[in-house]
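A structural walkthrough
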Amino acid sequence: GAYYIRENDRNTTVRNSLRDKQYHVCDQTLCGEGKGRNDAGELDSEIRKDSNTPWTIFEALNHGGPAYWKKHLDKLLKNYNTHGLKILFLVAYIDDDDFKNIYELKSEGNFEKVTDRYWTTLRTYSPEGCKCITNSCQDVSEIYNPDALGIKVFQCLYEDSVGKHTVYHFFVHIRKNR
(Lines give C-alpha, C1' and ligand atoms only; values in the text may rest on other atoms or scores of the structure.)
Protein backbone atom coordinates (compact mmCIF):
# COMPACT_ATOMS: atom_id res chain seq x y z
CA GLY A 1 0.00 0.00 0.00
CA ALA A 2 0.87 3.64 -0.20
CA TYR A 3 3.41 4.85 2.33
CA TYR A 4 3.20 8.53 3.12
CA ILE A 5 3.72 10.60 6.23
CA ARG A 6 2.92 14.28 6.08
CA GLU A 7 5.81 16.69 6.44
CA ASN A 8 4.00 18.48 9.28
CA ASP A 9 3.76 15.23 11.24
CA ARG A 10 7.50 14.69 10.91
CA ASN A 11 8.21 18.30 11.84
CA THR A 12 5.98 17.97 14.91
CA THR A 13 8.06 15.01 16.05
CA VAL A 14 11.26 17.05 15.62
CA ARG A 15 9.70 20.03 17.40
CA ASN A 16 8.61 17.91 20.34
CA SER A 17 12.06 16.35 20.63
CA LEU A 18 13.71 19.78 20.66
CA ARG A 19 11.25 21.07 23.24
CA ASP A 20 12.00 18.02 25.39
CA LYS A 21 15.62 19.22 25.33
CA GLN A 22 14.47 22.67 26.54
CA TYR A 23 14.80 24.48 23.19
CA HIS A 24 12.37 27.32 22.50
CA VAL A 25 10.68 26.18 19.28
CA CYS A 26 7.92 28.04 17.48
CA ASP A 27 6.35 26.12 14.63
CA GLN A 28 4.37 27.42 11.68
CA THR A 29 5.57 30.93 12.54
CA LEU A 30 4.79 33.69 10.03
CA CYS A 31 7.89 35.58 8.92
CA GLY A 32 9.37 37.09 5.77
CA GLU A 33 7.56 36.60 2.48
CA GLY A 34 5.54 33.71 1.13
CA LYS A 35 6.09 32.30 -2.33
CA GLY A 36 3.69 34.79 -3.88
CA ARG A 37 5.37 37.62 -1.95
CA ASN A 38 1.90 38.93 -1.04
CA ASP A 39 1.67 37.19 2.33
CA ALA A 40 4.03 36.31 5.14
CA GLY A 41 5.99 33.09 4.75
CA GLU A 42 5.17 30.18 7.02
CA LEU A 43 8.33 28.79 8.64
CA ASP A 44 8.34 25.14 9.60
CA SER A 45 10.10 26.05 12.86
CA GLU A 46 11.98 28.95 14.33
CA ILE A 47 14.32 27.97 17.14
CA ARG A 48 15.04 30.72 19.64
CA LYS A 49 17.79 31.41 22.16
CA ASP A 50 15.09 32.46 24.60
CA SER A 51 11.40 33.15 24.23
CA ASN A 52 12.00 36.30 22.15
CA THR A 53 15.37 36.03 20.33
CA PRO A 54 15.49 34.02 17.05
CA TRP A 55 18.55 31.77 16.69
CA THR A 56 17.85 29.66 13.59
CA ILE A 57 15.23 28.51 11.10
CA PHE A 58 14.42 24.84 10.53
CA GLU A 59 12.89 24.34 7.08
CA ALA A 60 11.95 20.81 6.04
CA LEU A 61 10.44 19.03 3.09
CA ASN A 62 9.29 15.60 2.09
CA HIS A 63 11.73 14.91 -0.68
CA GLY A 64 10.35 15.68 -4.12
CA GLY A 65 13.53 15.77 -6.20
CA PRO A 66 16.26 18.38 -6.75
CA ALA A 67 13.98 21.13 -8.12
CA TYR A 68 11.73 20.91 -5.05
CA TRP A 69 14.78 21.01 -2.76
CA LYS A 70 16.14 24.11 -4.58
CA LYS A 71 12.75 25.82 -4.13
CA HIS A 72 12.99 25.28 -0.35
CA LEU A 73 16.60 26.50 -0.24
CA ASP A 74 15.49 29.64 -2.10
CA LYS A 75 12.68 30.23 0.41
CA LEU A 76 15.01 29.68 3.35
CA LEU A 77 17.69 32.09 2.17
CA LYS A 78 15.68 34.69 0.25
CA ASN A 79 12.21 34.80 1.79
CA TYR A 80 12.35 33.64 5.40
CA ASN A 81 15.63 34.86 6.87
CA THR A 82 14.52 38.42 7.62
CA HIS A 83 16.60 38.53 10.83
CA GLY A 84 19.84 37.75 8.96
CA LEU A 85 20.39 34.62 11.06
CA LYS A 86 23.85 33.10 10.65
CA ILE A 87 22.89 29.42 11.02
CA LEU A 88 20.03 27.78 9.10
CA PHE A 89 18.81 24.19 8.65
CA LEU A 90 17.27 22.60 5.56
CA VAL A 91 16.08 19.02 6.12
CA ALA A 92 14.94 16.65 3.37
CA TYR A 93 13.07 13.53 4.48
CA ILE A 94 13.78 10.81 1.89
CA ASP A 95 11.44 7.80 1.96
CA ASP A 96 12.31 4.39 0.54
CA ASP A 97 9.79 4.99 -2.26
CA ASP A 98 11.65 8.15 -3.37
CA PHE A 99 14.53 6.03 -4.65
CA LYS A 100 12.20 4.18 -6.99
CA ASN A 101 9.80 6.99 -7.93
CA ILE A 102 12.25 9.87 -8.38
CA TYR A 103 15.56 8.23 -9.16
CA GLU A 104 14.47 4.90 -10.63
CA LEU A 105 16.81 3.16 -8.20
CA LYS A 106 16.18 0.20 -5.95
CA SER A 107 16.02 1.17 -2.28
CA GLU A 108 18.92 -0.79 -0.82
CA GLY A 109 22.26 1.03 -0.94
CA ASN A 110 21.01 4.00 -2.91
CA PHE A 111 20.88 6.64 -0.18
CA GLU A 112 24.57 7.35 -0.86
CA LYS A 113 23.93 7.68 -4.62
CA VAL A 114 21.14 10.21 -4.03
CA THR A 115 23.12 12.28 -1.52
CA ASP A 116 26.17 12.23 -3.82
CA ARG A 117 24.01 13.90 -6.48
CA TYR A 118 23.06 16.59 -3.97
CA TRP A 119 26.69 17.09 -2.99
CA THR A 120 27.40 18.10 -6.59
CA THR A 121 24.33 20.35 -6.72
CA LEU A 122 25.18 22.03 -3.41
CA ARG A 123 28.54 23.18 -4.71
CA THR A 124 27.12 24.59 -7.94
CA TYR A 125 23.74 26.10 -7.02
CA SER A 126 23.15 29.54 -5.55
CA PRO A 127 19.73 31.14 -5.09
CA GLU A 128 19.25 34.48 -6.83
CA GLY A 129 20.88 37.22 -4.76
CA CYS A 130 23.06 34.73 -2.86
CA LYS A 131 26.44 33.25 -3.58
CA CYS A 132 27.43 29.78 -2.46
CA ILE A 133 31.05 29.99 -1.38
CA THR A 134 31.99 26.76 -3.13
CA ASN A 135 35.12 25.88 -1.22
CA SER A 136 33.17 26.24 2.05
CA CYS A 137 30.93 23.23 1.34
CA GLN A 138 31.81 20.25 3.48
CA ASP A 139 30.40 16.83 4.19
CA VAL A 140 30.14 16.96 7.99
CA SER A 141 28.11 13.76 8.38
CA GLU A 142 30.68 12.06 10.59
CA ILE A 143 30.54 14.93 13.10
CA TYR A 144 26.75 14.77 13.49
CA ASN A 145 26.16 11.12 12.69
CA PRO A 146 29.33 9.10 13.30
CA ASP A 147 27.53 5.78 12.82
CA ALA A 148 26.25 6.79 9.34
CA LEU A 149 22.72 5.63 10.09
CA GLY A 150 20.81 7.08 7.16
CA ILE A 151 21.66 10.74 7.70
CA LYS A 152 23.95 12.85 5.55
CA VAL A 153 24.85 16.39 6.57
CA PHE A 154 26.42 18.97 4.28
CA GLN A 155 27.50 22.38 5.54
CA CYS A 156 27.67 25.27 3.06
CA LEU A 157 28.33 28.96 3.46
CA TYR A 158 26.20 31.41 1.48
CA GLU A 159 26.70 35.15 1.17
CA ASP A 160 24.09 37.78 0.39
CA SER A 161 23.66 41.52 0.93
CA VAL A 162 23.08 40.97 4.68
CA GLY A 163 26.15 38.81 5.30
CA LYS A 164 27.21 35.18 5.47
CA HIS A 165 24.92 32.32 6.47
CA THR A 166 25.85 28.70 7.18
CA VAL A 167 23.23 26.26 5.98
CA TYR A 168 23.26 22.70 7.29
CA HIS A 169 21.64 20.47 4.68
CA PHE A 170 20.33 17.30 6.33
CA PHE A 171 19.21 14.36 4.21
CA VAL A 172 17.36 11.84 6.36
CA HIS A 173 16.57 8.38 4.99
CA ILE A 174 13.18 7.35 6.37
CA ARG A 175 12.84 3.59 6.17
CA LYS A 176 9.53 1.79 6.05
CA ASN A 177 8.72 -0.42 9.01
CA ARG A 178 9.03 -3.92 7.75
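1. Thoughts on the environment of Leu73
Examined against the element boundaries, Leu73 turns out to sit in helix H2 (residues 66-80). Considering only alpha carbons, one finds Leu73 and Val167, 94 residues apart in sequence, at a separation of 9.1 Å. Sequence-distant contacts of Leu73, that is, excluding residues within four places in its chain, are made with Leu90, Tyr125, Pro127, Tyr158, Val167 and His169.

2. Quick look at the confidence of the model for the protein chain
Averaged over the protein chain, the pLDDT score is 76; the fraction of residues at 70 or greater is 74%. When pLDDT is averaged over each element of the protein chain, strand E9 (residues 151-159) comes out on top at 88 and strand E2 (residues 30-31) at the bottom at 54. Low confidence marks residues 103-107, where pLDDT is under 50. Its contacts with residues over four positions away, or in another chain, come to 18 contacts.

3. Examining the nonpolar core
Grouped together as the largest cluster of nonpolar side chains are 25 residues, with contacts concentrated most on Trp69, Leu73, Tyr158 and Val167. Residue assignment for this core shows that the elements contributing at least two residues are strand E5 (54-62), H2, strand E6 (87-95), helix H4 (111-124), E9 and strand E10 (164-174). Per-element accounting of this core gives the leading share, five residues, to H2. If near-sequence neighbours (up to four positions away) are discounted, Val167 is found in contact with Leu73, Leu76, Leu77, Leu88, Leu90, Phe154, Gln155, Cys156 and Tyr158. By size, the runner-up hydrophobic cluster in this structure holds 13 residues, among which are Ile47, Phe89, Tyr93 and Phe170.

Thresholds, definitions, all that
Residues numbered from 1 in each chain as written. Predicted model: local features only at pLDDT ≥ 70, side-chain atom pairs only at ≥ 80, totals over all residues. Heavy atoms only, no water. Helix = DSSP H or I, 4+ residues; strand = E, 2+ residues; numbered from the N terminus. Contact = heavy atoms within 4.5 Å. pLDDT = per-residue confidence, 0-100. Core = buried A, V, L, I, M, F, W, Y, C linked by side-chain atoms within 4.5 Å. Buried < 20%, exposed > 50% of the residue type's maximum accessible area, 1.4 Å probe, protein only.

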